[in-house]
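Listed here are the chains, written in short residue letters.
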Amino acid sequence: MPTITENSVGKARIGMPLLKLKETYTGCAFSPDYLSKYGFDEYGNKPNATVVSRSGQKLFVFWMNPQTQKVTGLIVLSPSYQTAQGIHVGSTSRQLKAAFPAMQAVPNMMMQDIEMAFLGEVDKPGIEYAFFKQEHIGKFLVADEPVKIVATNAKVSWIQIFPNP
């Protein structure tokens, strides 16, 4: 089963040149996408990300630094990818909390339907777990202050890797 790390999704890696990514995923479809769907702030009306699909199944989304043409972020959409702890798209908030007892959650400031769970600091989370249009996973008192996960049945909608420099 392909793995998710703080720098990679399967064979796709942060910093990988676009041509190498396309060579690695030969036979896959590369389709334009919008990061705003995943709670990112964006300007303009042109697609700014790409979905990689195989046999009609969406695997992951990536976006690049336009100057370097290298991958700068990845979003996992397929449950076939998992972390070393076995967490994947579709895992429950109970499973996430059991695997990572120190996991915290914050609402997405751009889209109220998205809540993010993470380890570490808000501005340097490593791997983030998104919950889209579900029960609140935490009891939020202050909009951007992290809280413990309290929900048990929410399901991970996507997993994102976006290292902040």
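Counting restarts for each chain: residues are numbered from 1 in the order of the written sequence. Under the rules for a predicted model, residues below a pLDDT of 70 receive no local features and side-chain atom pairs below 80 are neither given nor counted, while totals for whole chains, interfaces and linings still include all residues. Each side-chain value is worked out from all heavy atoms of the structure, with water and hydrogens disregarded.

A. Structural context of the overall build of the chain. Under the DSSP-based scheme used, a helix requires at least four consecutive residues in state H or I and a strand at least two consecutive residues in state E, with every element numbered from the N terminus. For the chain, the count of helices and strands is two helices and eleven strands. When the helices and strands of the chain are read in sequence order from the N terminus, they spell out β-β-α-β-β-β-β-α-β-β-β-β-β. Each of the 165 residues in the chain was classed as buried or not, and the buried ones make up 42%. Contacts in the chain between residues at least 24 apart in sequence constitute 52% of all its contacts with a sequence separation of at least 6. Both charge centroids of the chain, one from 16 positive and one from 13 negative side chains, sit 10 Å from each other. Buried residues are those whose accessible area, probed at 1.4 Å on protein chains only, stays under 20% of the maximum for their type, while exposed residues exceed 50% and partly exposed ones sit between those limits. Only heavy atoms enter the contact rule, under which two residues are in contact if any of them lie within 4.5 Å. For the charge count, each Lys or Arg is scored as positive and each Asp or Glu as negative, with His and the chain ends excluded. By convention, the charge on Lys lies at NZ, on Arg at CZ, on Asp at CG and on Glu at CD.

B. Just the environment of Leu 96, in detail. With respect to the helices, strands and loops of the structure, Leu 96 is situated in helix α2 (residues 93-99). Apart from residues no more than four positions distant in its own chain, Leu 96 is found in contact with Ile 87, Met 103, Ala 117, Tyr 129, Phe 131 and Ile 149.

C. Examining the sheet that holds strand β3 (residues 29-33) more closely. Pairing between two strands is assigned when DSSP locates at least 2 bridges connecting them. Ordered by their spatial adjacency, nine strands build an open sheet running β3-β4-β5-β6-β11-β9-β8-β7-β10, and the pairing between neighbours is antiparallel. Of all the strands in the sheet, the pair left with one neighbour each is β3 and β10 (147-148). Of the pairings in the sheet, the one linking strand β7 (residues 104-107) to strand β8 (residues 114-118) comprises four bridges and is antiparallel in character. What sits directly across from Gln 104, in β8, is Phe 118.

D. The nonpolar core, seen in detail. Core analysis: the largest hydrophobic core is formed by 33 residues, its most contacted members being Phe 60, Leu 96 and Tyr 129. Elements with a minimum of two residues in this core: α1 (18-24), β5 (57-65), β6 (70-76), β9 (127-132) and β11 (158-161). In this structure, Phe 40, Ile 75, Phe 118 and Trp 158 belong to the second largest nonpolar core, which totals 15 residues. Nine residue types can take part in a nonpolar core, namely buried Ala, Val, Leu, Ile, Met, Phe, Trp, Tyr and Cys, and a core is a set of them joined through side-chain atoms within 4.5 Å.

E. Representation of the pairing of β5 in the model. Pairing geometry for strand β4 (residues 49-54) and β5, over five bridges, is antiparallel. Each residue of the ladder has a partner; that of Val 51, found in β5, is Val 61. Here β4 folds back onto β5 in antiparallel fashion, the turn holding two residues, of which Ser 55 has a positive phi close to 55°. Bridge analysis of β5 against β6 gives six bridges, and the strand direction is antiparallel. When the sheet's bridge partners are listed, Phe 62 is paired in β6 with Leu 74. The loop that links β5 with its antiparallel partner β6 comprises four residues; one of these, Gln 69, has a positive phi angle of about 60°.

F. Molecular detail of the pattern of salt bridges. Any Lys or Arg side-chain nitrogen found within 4 Å of a carboxyl oxygen on Asp or Glu counts as a salt bridge. Counting across every chain of the model gives two salt bridges. Here Lys 20 makes a salt bridge to Glu 23, at a shortest N to O gap of 3.6 Å. Of the two residues, Lys 20 and Glu 23 both sit in helix α1, three residues apart, roughly one turn of that helix. For the salt bridge of Lys 37 with Asp 33, the shortest nitrogen-to-oxygen distance reads 2.8 Å.

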